[in-house]
Amino acid sequence: MPQAITAVNDFVVKFANVNGSGSASANELFARAILRMGVPVSPRNIFPSNIQGLPTWYEVRITEKGYLGRRGGVDLMVAMNPQTWAEDVKEIEPGGYLFYDSTKPMPSSAFRDDVNVIGVPLTAICNATYTDARQRQLFKNIIYVGALSVLLDIDPKEIERLFSEQYKGKEKLLDSNVKALQLGRDWAAQHLDADAVRLKVRRADAVGDRIFVEGNNAAALGAVYGGATVCAWYPITPSSSLAEAFSNHCKRLRHDKETGKAKYAIVQAEDELASIGMVIGAAWNGARAFTATSGPGISLMTEFIGLAYFAEVPAVIVNVQRGGPSTGMPTRTQQSDLFSCAYASNGDTKHVLLFPEDPRECFEFTAEALDLADRLQTPIFVMTDLDIGMNHRLCRPFRWDEQRVFDRGKVMTAEELEAGKTFGRYLDVDGDGIPFRTYPGTHPTKGSFFTRGTTKNEYARYSEEGPVYVRNMERLQRKFATAARIAPQPLRYSSPKATRYGVIYFGSTSPAMAEALDHLEADGHHVNALRVRSFPFSQAVEDFIHEHDKVFVVEQNRDGQLRSMLMSEFTLDARKLVSVLHYDGTPITARFIAADIAKKLGQFKVVSFDKAAS
Amino acid sequence: MTFIAKPRLHHPSLVKNKAGFTRRDYEGAVSTLCAGCGHDSISAAIIQACYELDILPHQVAKLSGIGCSSKAPTYFVGASHGFNTVHGRMPSVMTGANLANRDLIYMGVSGDGDSASIGLGQFAHIMRRGVNMTYIVMNNGVYGLTKGQFSATADKGSISKKGVANSDSSIDLVSMAILMGATFVGRSFSGDKHQLVPLIKAAMMHKGAAFLDVISPCVAFNNHAGSTKSYEYVREHNEALNRLDFIEGRAEIIADYAPGTATTVQQHDGSLLRLRKLGEDYDPSDKIAAMKRVQEGLAAGEVVTGLLYVDPTPTDLHANLNTVDVPLNSLQTADLCPGPQALDRINASLR
């Protein structure tokens, strides 16, 4: 036996499957069972952009320490896909384990000397037990979960409990799944050495009251709690499950008890142009409205986003980012839509972006976005991504303050108009750049105005006069400055030791960054960190940069988009901001961040940047 | 898009309607369209219709896209909210607006460039969704603001002002609307207010997707020999299938028509459409026959006008979505937010 990795509650298992083989639910079952044993898990779906047949992976990080980013590397590979066998075998850490279907013998060249091999004749077991082809396929997945549960010491009762929750009222399905699980367990118990795999799961108490939920589901719930009544959307990966979750939440939570009628409207639009158009129409008319989309959808929406910016109509757009440009990598993750959202549309536009780090913040920020859109009367982008949106993630439970009421912003009522209050649709009465609006139909003779994408004066009348235009554009800048004060503020994490180095990051990079900071600290690299949570950037972001000699900007795109935006918003020495970029479509790992920062820190110590430049 | 407001001086003898407004209260700003533009006649017809229907001006929401026609909402019902959206995409904005507040009266104004070219997709989809609205296309077959290019409704073979013949087939919006599921479809001519005003009134009271294609000659670029959207051509080729009287539900008087000369269609809300028949045996509630008649007209080079198709008992988008009876924009935190206890239950289900 080669060297063998030994680990308890701290290892990575990766399942390599064929898309459409029904493995997804079995793999998720595996992850959930460990979670039920009190051990945090962090799973990731890695899947191709097609319906059936191509490779798909499910990577589960088991981590008692609670690190929820990807670690990098694989300790145990469950290799169920012949197509990707070679690559999958290559990915295993030295001393790691290869679990495979040994029904057909493999040539020794297909294995690695430094990897431990565990073969289970899954196909043979299935063929001996089931006659139906689909059953043979589906139960093969449950059988490997059964065998793994023996090897890794996963409590089968937790799996059975999960079955009984899943198949409540469907006893036949429950029984057949429990039987398949037992088949796998029996075979492993009879034929394998219990210590063949030295990766073990031990009961712990490290999950606490945390919940396990996908970001898209959480954002959809945030839209319900934030009072969205109109959702218009067009299917696009990876955002579709958000609109579908909104529909499901509304069905449970938003029907009038007496009449059974819906207190919401969901329209699957004909395209992204129509979906944002409907959002703008609804919000113009006083309803809270949102759409969910991804990068190519944003491209199509930009004309309307410019209208909403200039005409000052609220709109909430949840952008579940994927790999770009163009159709890009539809099922891979990136943070590469910052430019296209922050400056969407022609002319001088700037939009508010929110960057949630996990499902909990997807929930909070989507609800918050609906308030902000009404307060600021402008489009608000919730910049999530596939990594948060389509993966289950452990996070703090959702919270809602009972006293909280929707902030509808500056809306002039019929009573106020009647009392003679001055109404100028684009008049900055409070100095914060935000004017009052009225909803259509408010008052028989007062408060009506014309909304348009062309230039206008303070009273909404068309005007091409230069000073009028400039005044309006300057007011919009004041409004943007107000946004910097009221949008979610950055969070700072200080190194225990004083340091000249800082790191800025945002969104789904958060869990990998948290772990990378621990690694760096352990290696004697001290770095202060700032998690940016919105654009426009608040003063605290500029202060943080000025406090440090060098600031790493970690992001998941090629062009360092956040770094560019920092450069463009503040007066900075460009040499101060150092990019750490990861953009191959997989979620960034702690290993990558720590290694890249450590390497760059080393370079600074050898020759200081200032000396090198001179 | 003018910013010149009309003087608000009213002649003291102006007659008020039941809502307490004079005809002038339904006017808007001074038009900046060319003198003689058909669009201004349509605006005048809308003003007349709103006045005669005793509508509260602020209960109208008027939306448009981009183009000469889309400027028109500035020129009528000045006390209502208007929204000049982007080119060809007014339908989606109107759909959203309608979802937010089902109680307002929605008037969409568009042109043939706006609805038949860039906006054909959204045009089709708002009809199939049955948004409760009146959608008027001011159809002149030409791009006026950009000085005379053909639009997609220009007839094949018609000649531009520069003498170029149109080689593309035209899009017939009336056929499109019927095909897509609009439940009230009519065509008229800006120069025929006796036909147009009642059609607009009936469309506005129709509880579903109402579409009116109104041929509206462009005096600047499409009112010459060779055009099939000129005043002269339309007057000569107008084949009126019917003329309409719209009678609201509260005034059911149906006695003064001789059998065989008129037909009465009672709508769901009790209002009556009394059609004086001009076309023989034309039944506007027969969708298949309506499509056939419109196509026959097209083949013969006729402009077939009148109420072409009506479903007197339509459903609309709100009915299809089963939304509550009150406007969605009136729902408050207590109506919409499930609160912390429901959230605790959701949290528990996610462990």
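Residues numbered from 1 in each chain as written. Chains lettered and ligands numbered in written order. Predicted model: local features only at pLDDT ≥ 70, side-chain atom pairs only at ≥ 80, totals over all residues. Heavy atoms only, no water.

> Would you explain the overall build of chain A in this entry?
Looking only at helices and strands, chain A features 20 helices and 23 strands. Computed over C-alpha atoms, the radius of gyration of chain A comes to 27 Å, within 12% of the 25 Å expected from 2.2 N^0.38 for 614 residues, which places it in the range of a compact globule. The C-alpha extent of chain A, read off along each of the three principal axes, is 85 × 75 × 40 Å. Scored against the burial criterion, the 614 residues of chain A give a buried share of 61%. Partitioning the contacts of chain A with sequence separation of at least 6, the portion at a separation of at least 24 is 75%. Positive and negative charge centroids in chain A, built from 71 and 73 side chains respectively, lie 1 Å apart. (Helix = DSSP H or I, 4+ residues; strand = E, 2+ residues; numbered from the N terminus. Rg over C-alpha atoms; globule rule 2.2 N^0.38 Å. Buried < 20%, exposed > 50% of the residue type's maximum accessible area, 1.4 Å probe, protein only. Contact = heavy atoms within 4.5 Å. Lys, Arg positive; Asp, Glu negative; His and termini not counted. Charge placed at Lys NZ, Arg CZ, Asp CG, Glu CD.)

> What is the right way to look at the pattern of salt bridges in this model?
Oppositely charged side chains are able to pair whenever their charged atoms sit close together. Inspection of the entire model under this criterion finds 54 salt bridges over all chains. Note that A:R44 is salt-bridged to A:D387, the shortest N-O span being 2.6 Å. Placement of the pair is A:R44 in strand β3 (residues 41–46) and A:D387 in helix α13 (residues 386–389), with a sequence separation of 343 residues. Take A:R44 and A:D387: they sit in the same class, and that class is buried. The residue B:R293 makes a salt bridge to B:E239 at a minimum N-O spacing of 3.6 Å. (Salt bridge = Lys/Arg side-chain N within 4 Å of Asp/Glu carboxyl O.)

> Honestly, the sheet that holds β3(A) in this entry has me stumped. Any pointers?
The strands making up a sheet associate through hydrogen bonds between their backbones, and the pairing can be parallel or antiparallel. All names here are of chain A. In space, the 6 strands of this open sheet follow the order β3-β4-β2-β5-β6-β7, with mixed pairing throughout. The open sheet has two edge strands, β3 and β7 (116–120), and neither has a second partner. Taking each pair of neighbouring strands and ignoring which way they run, the sheet shows an average axis angle of 15 degrees. Pairing of strand β2 (residues 10–18) with strand β4 (residues 55–63) involves 9 bridges; the strand directions are antiparallel. (Pairing = 2+ DSSP bridges. Axes fitted to C-alpha atoms, helices over the stretch in contact; angles between N-to-C directions.)

> I keep staring at the pairing of strand β7 (residues 184–189) of chain B and nothing clicks. Help me out?
On a regular strand, each side chain points to the face opposite its neighbour's, so the side chains alternate between the two faces of the sheet. All names here are of chain B. A large share of β7 lies buried, amounting to 6 of its 6 residues. With burial as the criterion, each face of β7 is covered, one bearing F184, G186 and S188 and the other bearing V185, R187 and F189. Relative to strand β8 (residues 209–215), β7 is paired through 6 bridges, and the arrangement is parallel. Bridge pairing in β8 places F184 opposite A210. After leaving β7, the chain enters helix α7 (residues 193–205) and then returns to the sheet as β8, a path that is right-handed. Pairing geometry for β7 and strand β13 (residues 303–310), over 4 bridges, is antiparallel. Among the inter-strand pairings, V185 is bridged to a residue of β13, identified as Y309. (Right-handed = clockwise from strand over helix to strand, strands pointing away.)

> Quick question: what am I supposed to make of the environment of B:V93 here?
Turning to its location among the elements, B:V93 is positioned in helix α3 (residues 90–100). Given a relative accessible area of 0%, B:V93 falls into the buried group. Sequence separation between B:V93 and B:D114 is 21 residues; the distance between their C-alpha atoms is 14 Å. Beyond its immediate sequence surroundings of up to four residues, B:V93 is in contact with A:G277, A:M278, A:G281, A:F304, B:L63, B:F83 and B:T85.

> How do you make sense of the confidence of the model for chain B when you look at a structure like this?
When pLDDT drops low, the exact placement of atoms in the prediction is not to be read closely. Per-chain confidence: chain B averages 92 in pLDDT, with 95% of residues scoring 70 or above. Scoring of the predicted complex yields 0.96 for pTM and 0.96 for ipTM. (pLDDT = per-residue confidence, 0-100.)

> In this structure, what is going on with the interface of chain A and chain B? I would like to understand it.
You'll often see interface size given as the accessible area lost when the parts meet. With 68 residues of chain A at the contact, the number on the chain B side is 58 residues. In total, chain A and chain B occlude about 5,300 Å² of area from one another, counting both sides; carbon and sulfur atoms represent 65% of this. Inspection of the region where chain A meets chain B yields 4 salt bridges. Connecting chain A to chain B are 25 residue pairs in polar contact (both at pLDDT 80 or more). (Buried area = accessible area lost by both parts, 1.4 Å probe. Polar contact = N/O pair within 3.5 Å; in protein donor to acceptor, adjacent residues only side chain to side chain.)

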